[in-house]
Amino acid sequence: MRFKPVIGLEIHVQLNTETKAFCSCSADVFELEPNTAICPVCTGQPGALPVPSKQMYEFGILLAAALNCKIHEYTKFDRKNYFYPDLPKGYQITQYFYPLATEGFLELDGKKIRINRIHLEEDAGKLIHSSETITQAESSFVDMNRCGVPLAEIVTEPDIESPEEAKKFLEKLRQILRYLGVSTGDMEKGALRCDANISVIDLENNVQSNKVEVKNMNSFKFVEKALEYEFERIKSQLKRGENVLKETRGWDLSTKTTISMRSKEEANDYRYFPEPDIPPVVISREEIKKIVEKMPELPDEKLNRFKKKYTLTDYEAKILTSSVKLADFFERCVFETKNPKETSNWFLTELLKYTSSEDDFDTLKIKPHHFKELFELIVDGKITRNIAKEIFKEVFETGKSPSKIVEEKGIEVIGDETLIEEMLKKIMDENKDKVEAYKNGKKGLMGFFVGQVMKQTKGKADARKVNEIAKKLLGD
(Lines give C-alpha, C1' and ligand atoms only; values in the text may rest on other atoms or scores of the structure.)
Protein backbone atom coordinates (compact mmCIF):
# COMPACT_ATOMS: atom_id res chain seq x y z
CA MET A 1 0.00 0.00 0.00
CA ARG A 2 1.64 3.20 -1.20
CA PHE A 3 -0.94 5.76 -0.03
CA LYS A 4 -2.45 6.01 3.44
CA PRO A 5 -5.33 8.36 4.40
CA VAL A 6 -5.11 10.33 7.64
CA ILE A 7 -8.56 11.39 8.87
CA GLY A 8 -9.76 13.44 11.81
CA LEU A 9 -13.37 14.39 12.54
CA GLU A 10 -15.05 17.43 14.02
CA ILE A 11 -18.54 16.48 15.11
CA HIS A 12 -21.26 18.85 16.27
CA VAL A 13 -23.85 17.25 18.51
CA GLN A 14 -27.08 19.07 19.38
CA LEU A 15 -27.86 18.44 23.03
CA ASN A 16 -31.39 17.47 24.08
CA THR A 17 -31.72 20.18 26.70
CA GLU A 18 -35.06 21.77 27.50
CA THR A 19 -33.77 25.28 26.82
CA LYS A 20 -31.17 26.83 24.57
CA ALA A 21 -27.56 27.22 25.72
CA PHE A 22 -27.81 30.77 27.09
CA CYS A 23 -31.52 31.71 27.27
CA SER A 24 -34.86 30.14 28.23
CA CYS A 25 -36.13 29.57 24.65
CA SER A 26 -37.02 25.97 23.80
CA ALA A 27 -34.17 24.00 22.25
CA ASP A 28 -36.60 21.67 20.46
CA VAL A 29 -37.03 23.78 17.33
CA PHE A 30 -36.76 21.38 14.38
CA GLU A 31 -40.46 21.28 13.51
CA LEU A 32 -41.39 24.82 14.56
CA GLU A 33 -42.42 27.62 12.22
CA PRO A 34 -39.39 29.82 11.42
CA ASN A 35 -38.46 32.50 13.94
CA THR A 36 -40.99 31.44 16.59
CA ALA A 37 -38.52 30.29 19.29
CA ILE A 38 -36.29 33.34 19.61
CA CYS A 39 -35.58 36.08 22.14
CA PRO A 40 -33.23 39.07 22.54
CA VAL A 41 -30.46 36.81 23.91
CA CYS A 42 -30.33 34.19 21.15
CA THR A 43 -30.74 36.82 18.41
CA GLY A 44 -27.98 39.01 19.89
CA GLN A 45 -29.96 42.15 20.73
CA PRO A 46 -27.96 44.93 22.43
CA GLY A 47 -28.00 44.69 26.21
CA ALA A 48 -29.21 41.05 26.36
CA LEU A 49 -27.03 38.92 28.63
CA PRO A 50 -26.43 35.18 28.18
CA VAL A 51 -26.71 32.73 31.13
CA PRO A 52 -25.25 29.21 30.62
CA SER A 53 -27.65 26.26 30.90
CA LYS A 54 -26.91 23.89 33.79
CA GLN A 55 -28.44 20.99 31.86
CA MET A 56 -26.08 21.69 28.94
CA TYR A 57 -23.16 21.16 31.33
CA GLU A 58 -24.67 17.98 32.79
CA PHE A 59 -25.17 16.46 29.34
CA GLY A 60 -21.70 17.57 28.26
CA ILE A 61 -20.12 15.96 31.32
CA LEU A 62 -21.99 12.68 30.75
CA LEU A 63 -20.81 12.64 27.14
CA ALA A 64 -17.23 13.44 28.14
CA ALA A 65 -17.24 10.65 30.74
CA ALA A 66 -18.65 8.16 28.18
CA LEU A 67 -15.78 9.10 25.84
CA ASN A 68 -13.21 8.58 28.60
CA CYS A 69 -12.18 12.26 28.68
CA LYS A 70 -10.53 14.31 31.39
CA ILE A 71 -13.31 16.61 32.61
CA HIS A 72 -12.13 20.04 33.70
CA GLU A 73 -13.45 21.82 36.76
CA TYR A 74 -12.58 25.25 35.34
CA THR A 75 -14.12 26.17 31.98
CA LYS A 76 -14.73 29.42 30.23
CA PHE A 77 -16.55 30.70 27.18
CA ASP A 78 -15.00 32.71 24.33
CA ARG A 79 -16.17 34.57 21.28
CA LYS A 80 -15.41 33.11 17.84
CA ASN A 81 -15.74 35.97 15.40
CA TYR A 82 -16.95 35.52 11.84
CA PHE A 83 -19.68 36.89 9.62
CA TYR A 84 -22.49 34.84 8.19
CA PRO A 85 -26.15 35.81 7.65
CA ASP A 86 -27.41 33.17 10.11
CA LEU A 87 -25.17 34.43 12.93
CA PRO A 88 -26.94 37.58 14.21
CA LYS A 89 -24.33 38.49 16.83
CA GLY A 90 -21.42 38.33 14.40
CA TYR A 91 -19.72 35.88 16.76
CA GLN A 92 -20.40 32.45 18.24
CA ILE A 93 -20.11 31.76 21.97
CA THR A 94 -17.86 28.72 22.32
CA GLN A 95 -15.10 27.30 24.55
CA TYR A 96 -11.73 27.75 22.91
CA PHE A 97 -9.14 28.40 25.63
CA TYR A 98 -10.74 26.35 28.46
CA PRO A 99 -12.88 23.52 27.01
CA LEU A 100 -15.07 21.18 29.04
CA ALA A 101 -12.98 18.05 28.44
CA THR A 102 -9.83 16.80 26.72
CA GLU A 103 -7.73 13.64 26.12
CA GLY A 104 -10.39 10.98 25.74
CA PHE A 105 -10.90 8.05 23.43
CA LEU A 106 -13.55 5.90 21.83
CA GLU A 107 -12.72 2.23 21.36
CA LEU A 108 -13.64 0.89 17.94
CA ASP A 109 -13.06 -2.80 17.13
CA GLY A 110 -10.30 -2.91 19.75
CA LYS A 111 -8.59 0.29 18.51
CA LYS A 112 -8.64 3.53 20.48
CA ILE A 113 -9.57 6.62 18.44
CA ARG A 114 -8.32 9.52 20.55
CA ILE A 115 -10.56 12.47 21.37
CA ASN A 116 -8.63 15.75 21.41
CA ARG A 117 -11.34 17.82 23.10
CA ILE A 118 -15.03 18.32 23.75
CA HIS A 119 -16.27 21.86 24.10
CA LEU A 120 -19.70 23.42 24.55
CA GLU A 121 -21.01 26.14 22.25
CA GLU A 122 -24.13 27.56 20.67
CA ASP A 123 -25.53 26.70 17.26
CA ALA A 124 -26.06 29.26 14.51
CA GLY A 125 -29.35 29.84 12.68
CA LYS A 126 -30.29 28.30 9.37
CA LEU A 127 -30.51 29.65 5.82
CA ILE A 128 -33.39 28.49 3.65
CA HIS A 129 -32.77 28.96 -0.07
CA SER A 130 -35.45 29.27 -2.73
CA SER A 131 -33.62 26.60 -4.78
CA GLU A 132 -31.77 23.46 -3.85
CA THR A 133 -28.40 25.23 -3.82
CA ILE A 134 -27.42 28.77 -2.90
CA THR A 135 -25.89 29.37 -6.33
CA GLN A 136 -29.20 28.62 -8.07
CA ALA A 137 -31.37 30.48 -5.54
CA GLU A 138 -32.96 33.82 -6.37
CA SER A 139 -33.55 34.52 -2.68
CA SER A 140 -32.67 33.14 0.75
CA PHE A 141 -34.41 33.38 4.11
CA VAL A 142 -33.00 33.26 7.61
CA ASP A 143 -34.57 31.12 10.35
CA MET A 144 -33.17 32.14 13.75
CA ASN A 145 -34.88 29.32 15.69
CA ARG A 146 -31.67 27.28 15.81
CA CYS A 147 -29.61 30.22 17.13
CA GLY A 148 -28.40 29.31 20.61
CA VAL A 149 -29.30 25.60 20.57
CA PRO A 150 -26.56 23.94 22.66
CA LEU A 151 -23.87 21.95 20.90
CA ALA A 152 -21.07 19.71 22.08
CA GLU A 153 -18.25 19.75 19.54
CA ILE A 154 -16.15 16.59 19.58
CA VAL A 155 -12.74 16.83 17.91
CA THR A 156 -10.84 13.62 17.27
CA GLU A 157 -7.13 13.21 16.74
CA PRO A 158 -6.21 12.15 13.16
CA ASP A 159 -6.29 8.45 14.13
CA ILE A 160 -8.85 7.29 11.58
CA GLU A 161 -7.25 5.33 8.75
CA SER A 162 -10.04 4.78 6.23
CA PRO A 163 -13.39 6.24 5.13
CA GLU A 164 -15.07 3.06 6.37
CA GLU A 165 -13.53 3.51 9.82
CA ALA A 166 -14.82 7.11 9.90
CA LYS A 167 -18.33 5.83 9.18
CA LYS A 168 -18.07 3.18 11.92
CA PHE A 169 -16.80 5.78 14.39
CA LEU A 170 -19.81 7.99 13.74
CA GLU A 171 -22.22 5.07 14.02
CA LYS A 172 -20.78 4.08 17.38
CA LEU A 173 -20.76 7.67 18.61
CA ARG A 174 -24.43 8.05 17.70
CA GLN A 175 -25.23 4.82 19.52
CA ILE A 176 -23.54 6.19 22.67
CA LEU A 177 -25.39 9.53 22.37
CA ARG A 178 -28.71 7.71 22.20
CA TYR A 179 -27.85 5.41 25.11
CA LEU A 180 -26.96 8.49 27.17
CA GLY A 181 -30.13 10.29 26.04
CA VAL A 182 -28.18 13.52 25.53
CA SER A 183 -28.96 13.83 21.81
CA THR A 184 -31.18 12.23 19.17
CA GLY A 185 -28.15 11.93 16.90
CA ASP A 186 -30.45 12.36 13.90
CA MET A 187 -28.18 13.46 11.05
CA GLU A 188 -31.12 14.15 8.74
CA LYS A 189 -32.41 16.70 11.26
CA GLY A 190 -29.00 18.27 11.81
CA ALA A 191 -28.69 16.96 15.37
CA LEU A 192 -25.38 15.31 14.43
CA ARG A 193 -23.17 17.07 11.91
CA CYS A 194 -19.71 16.07 10.82
CA ASP A 195 -16.80 17.85 9.17
CA ALA A 196 -13.93 15.62 8.13
CA ASN A 197 -10.27 16.57 7.70
CA ILE A 198 -8.28 14.34 5.39
CA SER A 199 -4.71 14.26 4.16
CA VAL A 200 -2.82 11.47 2.42
CA ILE A 201 0.66 10.10 3.08
CA ASP A 202 2.73 8.84 0.14
CA LEU A 203 4.68 6.12 1.95
CA GLU A 204 7.10 5.56 -0.95
CA ASN A 205 8.22 9.18 -1.13
CA ASN A 206 7.59 10.01 2.54
CA VAL A 207 5.39 12.98 1.59
CA GLN A 208 2.14 14.08 3.21
CA SER A 209 -0.42 16.16 1.33
CA ASN A 210 -2.07 19.33 2.58
CA LYS A 211 -5.14 18.88 4.74
CA VAL A 212 -8.57 19.26 3.15
CA GLU A 213 -11.77 19.78 5.12
CA VAL A 214 -15.02 18.28 3.78
CA LYS A 215 -18.43 19.62 4.82
CA ASN A 216 -22.13 19.21 3.98
CA MET A 217 -22.40 15.48 4.68
CA ASN A 218 -25.75 14.66 6.22
CA SER A 219 -25.53 10.87 6.45
CA PHE A 220 -22.92 8.32 7.49
CA LYS A 221 -22.95 6.92 3.97
CA PHE A 222 -22.16 10.34 2.50
CA VAL A 223 -19.30 10.83 4.96
CA GLU A 224 -17.79 7.58 3.72
CA LYS A 225 -18.43 8.41 0.05
CA ALA A 226 -17.05 11.96 0.34
CA LEU A 227 -13.87 10.71 2.04
CA GLU A 228 -13.44 7.96 -0.56
CA TYR A 229 -13.72 10.59 -3.28
CA GLU A 230 -11.24 12.93 -1.57
CA PHE A 231 -8.77 10.11 -0.96
CA GLU A 232 -8.76 9.27 -4.68
CA ARG A 233 -8.54 12.95 -5.68
CA ILE A 234 -5.58 13.65 -3.40
CA LYS A 235 -3.84 10.42 -4.44
CA SER A 236 -4.05 11.34 -8.12
CA GLN A 237 -2.50 14.74 -7.37
CA LEU A 238 0.34 13.18 -5.39
CA LYS A 239 1.01 10.69 -8.20
CA ARG A 240 1.52 13.67 -10.52
CA GLY A 241 3.96 15.16 -8.05
CA GLU A 242 1.49 17.90 -7.11
CA ASN A 243 -0.17 18.87 -3.88
CA VAL A 244 -3.81 19.75 -3.22
CA LEU A 245 -4.88 23.16 -1.96
CA LYS A 246 -5.40 23.62 1.73
CA GLU A 247 -9.12 24.31 1.52
CA THR A 248 -12.65 23.56 2.63
CA ARG A 249 -14.71 21.53 0.17
CA GLY A 250 -18.38 20.61 0.15
CA TRP A 251 -19.95 17.24 -0.72
CA ASP A 252 -22.19 17.63 -3.77
CA LEU A 253 -24.84 14.92 -3.62
CA SER A 254 -25.99 15.42 -7.22
CA THR A 255 -22.54 14.83 -8.74
CA LYS A 256 -21.16 12.58 -5.97
CA THR A 257 -18.07 14.77 -5.88
CA THR A 258 -16.60 17.42 -3.61
CA ILE A 259 -16.40 21.03 -4.74
CA SER A 260 -14.21 23.85 -3.52
CA MET A 261 -15.92 26.25 -1.08
CA ARG A 262 -13.14 28.44 0.31
CA SER A 263 -9.56 28.41 1.55
CA LYS A 264 -9.28 26.75 4.94
CA GLU A 265 -9.44 29.05 7.94
CA GLU A 266 -6.90 28.93 10.74
CA ALA A 267 -7.75 29.57 14.40
CA ASN A 268 -6.19 33.05 14.12
CA ASP A 269 -8.78 33.97 11.48
CA TYR A 270 -11.51 33.82 14.12
CA ARG A 271 -9.84 36.27 16.53
CA TYR A 272 -10.95 34.35 19.62
CA PHE A 273 -11.18 36.34 22.83
CA PRO A 274 -12.82 35.67 26.23
CA GLU A 275 -16.60 36.15 26.38
CA PRO A 276 -16.97 39.20 28.64
CA ASP A 277 -20.61 38.59 29.56
CA ILE A 278 -20.17 35.11 31.08
CA PRO A 279 -17.88 34.53 34.08
CA PRO A 280 -15.82 31.32 34.27
CA VAL A 281 -17.88 28.23 35.08
CA VAL A 282 -16.34 26.20 37.90
CA ILE A 283 -17.79 22.78 38.71
CA SER A 284 -16.33 20.94 41.70
CA ARG A 285 -15.01 17.42 41.45
CA GLU A 286 -17.86 16.29 43.74
CA GLU A 287 -20.49 17.77 41.42
CA ILE A 288 -18.85 16.12 38.41
CA LYS A 289 -18.83 12.81 40.27
CA LYS A 290 -22.57 13.12 41.07
CA ILE A 291 -23.36 13.73 37.40
CA VAL A 292 -21.18 10.85 36.21
CA GLU A 293 -22.90 8.53 38.69
CA LYS A 294 -26.09 8.98 36.63
CA MET A 295 -24.36 7.34 33.66
CA PRO A 296 -26.56 4.56 32.22
CA GLU A 297 -25.20 1.26 30.98
CA LEU A 298 -23.32 1.96 27.74
CA PRO A 299 -23.48 -0.11 24.52
CA ASP A 300 -20.31 -2.16 25.06
CA GLU A 301 -21.26 -2.99 28.66
CA LYS A 302 -24.75 -4.02 27.60
CA LEU A 303 -23.38 -6.12 24.74
CA ASN A 304 -21.11 -8.08 27.07
CA ARG A 305 -23.87 -8.49 29.66
CA PHE A 306 -26.31 -9.82 27.06
CA LYS A 307 -23.76 -12.36 25.81
CA LYS A 308 -23.04 -13.59 29.32
CA LYS A 309 -26.46 -13.37 30.98
CA TYR A 310 -28.57 -14.60 28.06
CA THR A 311 -25.90 -16.84 26.43
CA LEU A 312 -26.28 -15.05 23.10
CA THR A 313 -23.78 -15.04 20.26
CA ASP A 314 -21.83 -11.88 19.46
CA TYR A 315 -23.97 -11.41 16.35
CA GLU A 316 -27.26 -11.74 18.25
CA ALA A 317 -26.15 -9.48 21.09
CA LYS A 318 -24.88 -6.79 18.69
CA ILE A 319 -28.24 -6.56 16.95
CA LEU A 320 -30.26 -6.63 20.17
CA THR A 321 -28.14 -3.89 21.77
CA SER A 322 -27.92 -1.76 18.62
CA SER A 323 -30.42 0.60 20.23
CA VAL A 324 -31.31 1.06 23.87
CA LYS A 325 -35.02 0.93 22.99
CA LEU A 326 -34.68 -2.47 21.33
CA ALA A 327 -32.49 -3.80 24.16
CA ASP A 328 -35.00 -2.68 26.80
CA PHE A 329 -37.93 -4.25 24.95
CA PHE A 330 -35.98 -7.51 24.58
CA GLU A 331 -35.32 -7.64 28.32
CA ARG A 332 -38.99 -6.99 29.11
CA CYS A 333 -39.99 -9.85 26.79
CA VAL A 334 -37.42 -12.22 28.31
CA PHE A 335 -38.80 -11.37 31.77
CA GLU A 336 -42.14 -12.77 30.55
CA THR A 337 -40.96 -15.73 28.46
CA LYS A 338 -38.02 -16.84 30.68
CA ASN A 339 -36.49 -18.05 27.38
CA PRO A 340 -33.85 -15.58 26.10
CA LYS A 341 -32.61 -17.73 23.21
CA GLU A 342 -36.07 -18.34 21.78
CA THR A 343 -36.98 -14.68 22.31
CA SER A 344 -33.80 -13.61 20.53
CA ASN A 345 -34.63 -15.86 17.57
CA TRP A 346 -38.10 -14.33 17.23
CA PHE A 347 -36.71 -10.80 17.51
CA LEU A 348 -34.09 -11.39 14.82
CA THR A 349 -36.21 -13.38 12.37
CA GLU A 350 -39.69 -11.88 12.84
CA LEU A 351 -39.96 -8.72 14.93
CA LEU A 352 -37.25 -6.81 13.05
CA LYS A 353 -38.98 -7.66 9.75
CA TYR A 354 -41.81 -5.36 10.76
CA THR A 355 -40.05 -2.65 12.74
CA SER A 356 -36.64 -1.03 13.09
CA SER A 357 -34.34 -0.93 16.08
CA GLU A 358 -34.93 2.81 16.56
CA ASP A 359 -38.72 2.63 16.73
CA ASP A 360 -40.61 3.40 19.92
CA PHE A 361 -41.34 -0.10 21.21
CA ASP A 362 -43.72 1.20 23.87
CA THR A 363 -46.16 2.14 21.12
CA LEU A 364 -46.08 -1.24 19.36
CA LYS A 365 -49.28 -3.29 19.53
CA ILE A 366 -47.34 -6.45 20.24
CA LYS A 367 -46.48 -6.68 23.96
CA PRO A 368 -44.11 -8.85 25.99
CA HIS A 369 -46.92 -11.09 27.26
CA HIS A 370 -47.84 -11.92 23.64
CA PHE A 371 -44.40 -13.54 23.19
CA LYS A 372 -45.01 -15.69 26.27
CA GLU A 373 -48.44 -16.79 25.02
CA LEU A 374 -47.15 -17.55 21.54
CA PHE A 375 -44.29 -19.68 22.89
CA GLU A 376 -46.72 -21.63 25.11
CA LEU A 377 -48.95 -22.42 22.13
CA ILE A 378 -45.93 -23.84 20.29
CA VAL A 379 -44.65 -25.85 23.28
CA ASP A 380 -48.14 -27.26 23.92
CA GLY A 381 -48.28 -28.43 20.31
CA LYS A 382 -51.34 -26.33 19.53
CA ILE A 383 -49.69 -24.52 16.62
CA THR A 384 -46.70 -25.21 14.39
CA ARG A 385 -43.84 -22.76 14.02
CA ASN A 386 -44.99 -21.86 10.53
CA ILE A 387 -48.45 -21.04 11.80
CA ALA A 388 -46.90 -19.17 14.73
CA LYS A 389 -45.15 -16.87 12.24
CA GLU A 390 -48.49 -16.02 10.61
CA ILE A 391 -50.03 -15.38 14.02
CA PHE A 392 -47.06 -13.23 15.05
CA LYS A 393 -47.62 -10.94 12.06
CA GLU A 394 -51.29 -10.53 12.98
CA VAL A 395 -50.48 -9.86 16.64
CA PHE A 396 -47.97 -7.22 15.53
CA GLU A 397 -50.57 -5.54 13.30
CA THR A 398 -53.64 -5.81 15.55
CA GLY A 399 -52.48 -6.40 19.11
CA LYS A 400 -54.87 -9.38 19.41
CA SER A 401 -53.80 -12.21 21.68
CA PRO A 402 -52.30 -15.24 19.89
CA SER A 403 -54.90 -17.58 21.49
CA LYS A 404 -57.73 -15.42 20.24
CA ILE A 405 -56.34 -15.51 16.68
CA VAL A 406 -55.99 -19.31 16.82
CA GLU A 407 -59.59 -19.59 18.02
CA GLU A 408 -60.98 -17.16 15.42
CA LYS A 409 -59.16 -18.74 12.49
CA GLY A 410 -59.48 -22.33 13.61
CA ILE A 411 -55.84 -22.94 12.89
CA GLU A 412 -54.99 -25.15 15.82
CA VAL A 413 -52.60 -27.96 14.97
CA ILE A 414 -54.12 -31.25 13.86
CA GLY A 415 -52.69 -33.77 16.30
CA ASP A 416 -55.33 -36.50 15.97
CA GLU A 417 -53.20 -39.61 15.37
CA THR A 418 -56.08 -41.67 13.94
CA LEU A 419 -56.84 -38.97 11.39
CA ILE A 420 -53.17 -38.58 10.42
CA GLU A 421 -52.78 -42.37 10.05
CA GLU A 422 -55.86 -42.58 7.78
CA MET A 423 -54.49 -39.79 5.60
CA LEU A 424 -51.09 -41.46 5.31
CA LYS A 425 -52.58 -44.85 4.46
CA LYS A 426 -54.61 -43.28 1.65
CA ILE A 427 -51.55 -41.40 0.32
CA MET A 428 -49.46 -44.61 0.40
CA ASP A 429 -52.21 -46.61 -1.36
CA GLU A 430 -52.21 -44.04 -4.15
CA ASN A 431 -48.40 -44.05 -4.40
CA LYS A 432 -47.41 -47.70 -4.06
CA ASP A 433 -44.38 -47.23 -6.34
CA LYS A 434 -42.97 -44.66 -3.89
CA VAL A 435 -43.66 -46.90 -0.92
CA GLU A 436 -41.74 -49.69 -2.69
CA ALA A 437 -38.87 -47.34 -3.55
CA TYR A 438 -38.68 -46.17 0.05
CA LYS A 439 -38.48 -49.76 1.30
CA ASN A 440 -35.70 -50.37 -1.24
CA GLY A 441 -33.58 -47.63 0.25
CA LYS A 442 -34.82 -44.27 -1.09
CA LYS A 443 -35.29 -42.86 2.41
CA GLY A 444 -35.57 -39.32 1.08
CA LEU A 445 -39.12 -40.15 0.00
CA MET A 446 -40.17 -39.70 3.63
CA GLY A 447 -40.38 -35.99 2.80
CA PHE A 448 -42.89 -36.77 0.06
CA PHE A 449 -45.31 -38.56 2.41
CA VAL A 450 -45.01 -35.92 5.14
CA GLY A 451 -45.30 -33.16 2.59
CA GLN A 452 -48.54 -34.61 1.17
CA VAL A 453 -50.14 -34.63 4.64
CA MET A 454 -48.99 -31.06 5.31
CA LYS A 455 -50.33 -30.00 1.91
CA GLN A 456 -53.75 -31.55 2.55
CA THR A 457 -53.98 -30.01 6.05
CA LYS A 458 -52.63 -26.62 4.84
CA GLY A 459 -49.69 -26.91 7.20
CA LYS A 460 -51.79 -27.57 10.29
CA ALA A 461 -50.75 -31.19 10.93
CA ASP A 462 -48.33 -31.91 13.75
CA ALA A 463 -45.21 -32.60 11.67
CA ARG A 464 -43.57 -34.63 14.46
CA LYS A 465 -46.52 -37.01 14.68
CA VAL A 466 -46.80 -37.29 10.89
CA ASN A 467 -43.14 -38.36 10.75
CA GLU A 468 -43.55 -40.92 13.53
CA ILE A 469 -46.70 -42.49 12.06
CA ALA A 470 -45.27 -42.54 8.51
CA LYS A 471 -42.16 -44.38 9.73
CA LYS A 472 -44.34 -46.90 11.55
CA LEU A 473 -46.46 -47.52 8.44
CA LEU A 474 -43.34 -47.88 6.25
CA GLY A 475 -41.87 -50.41 8.60
CA ASP A 476 -38.95 -48.32 9.95
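Definitions and limits used
- Residues numbered from 1 in each chain as written.
- Predicted model: local features only at pLDDT ≥ 70, side-chain atom pairs only at ≥ 80, totals over all residues.
- Heavy atoms only, no water.
- UniProt positions renumbered as here; feature names shortened; annotations may be inferred.
- Salt bridge = Lys/Arg side-chain N within 4 Å of Asp/Glu carboxyl O.
- Helix = DSSP H or I, 4+ residues; strand = E, 2+ residues; numbered from the N terminus.
- Buried < 20%, exposed > 50% of the residue type's maximum accessible area, 1.4 Å probe, protein only.
- Disulfide = S-S within 2.5 Å.
- Pairing = 2+ DSSP bridges.

The protein is annotated in an unreviewed UniProt entry as Aspartyl/glutamyl-tRNA(Asn/Gln) amidotransferase subunit B of Thermosipho affectus. Listed in UniProt under the heading Sequence similarities (unreviewed entry), the comment for the protein reads: "Belongs to the GatB/GatE family. GatB subfamily."

A. The arrangement of the pattern of salt bridges in detail. All told, the structure shown has 44 salt bridges when counted by the stated rule. Across the pair R146 and D123 runs a salt bridge, and its minimum N-O distance is 3.5 Å. Taken as a pair, R146 in the loop between β8 (140-143) and β9 (150-156) and D123 in the loop between β6 (111-122) and β7 (126-129) lie far apart in primary sequence, 23 residues in all. A single burial state applies to R146 and to D123, both of which are buried. A salt bridge links E232 to K235, with the shortest nitrogen-to-oxygen separation between them at 3.3 Å. Here E232 and its partner K235 are both found in helix α3 (residues 220-239), three residues apart, which amounts to about one turn of the helix. Through salt bridges with shared partners, one network takes in K4, K111, E161 and E165.

B. Local environment of the state of the cysteines. Applying the stated criterion across every chain yields a total of zero disulfides. Not part of a disulfide, C23 finds its nearest cysteine sulfur in C39, a span of 3.7 Å. Residue C23 is classed as buried on the basis of its relative accessible area of 12%. Here C194 is not disulfide-linked; the sulfur of C69 is the nearest cysteine sulfur, at 17 Å.

C. Region of the structure containing the pairing of strand β10 (residues 192-202). Of all the 11 residues making up β10, 10 are buried; the element is thus mostly covered by neighbouring parts of the structure. Bridge count between strand β1 (residues 3-14) and β10: 11 bridges; the pairing is antiparallel. Residue pairing in the sheet places G8 in a bridge with N197 of β10. Two elements, β10 and strand β12 (residues 212-217), share four bridges in a ladder whose sense is antiparallel. Bridge pairing in β12 links I198 to V212. When β10 meets strand β11 (residues 207-208), the two strands line up antiparallel, connected through two bridges. In the sheet register, I201 faces β11, and the bridge partner there is Q208. Counted between consecutive antiparallel strands, the loop separating β10 from β11 contains four residues, among which N206 sits at a positive phi close to 55°.

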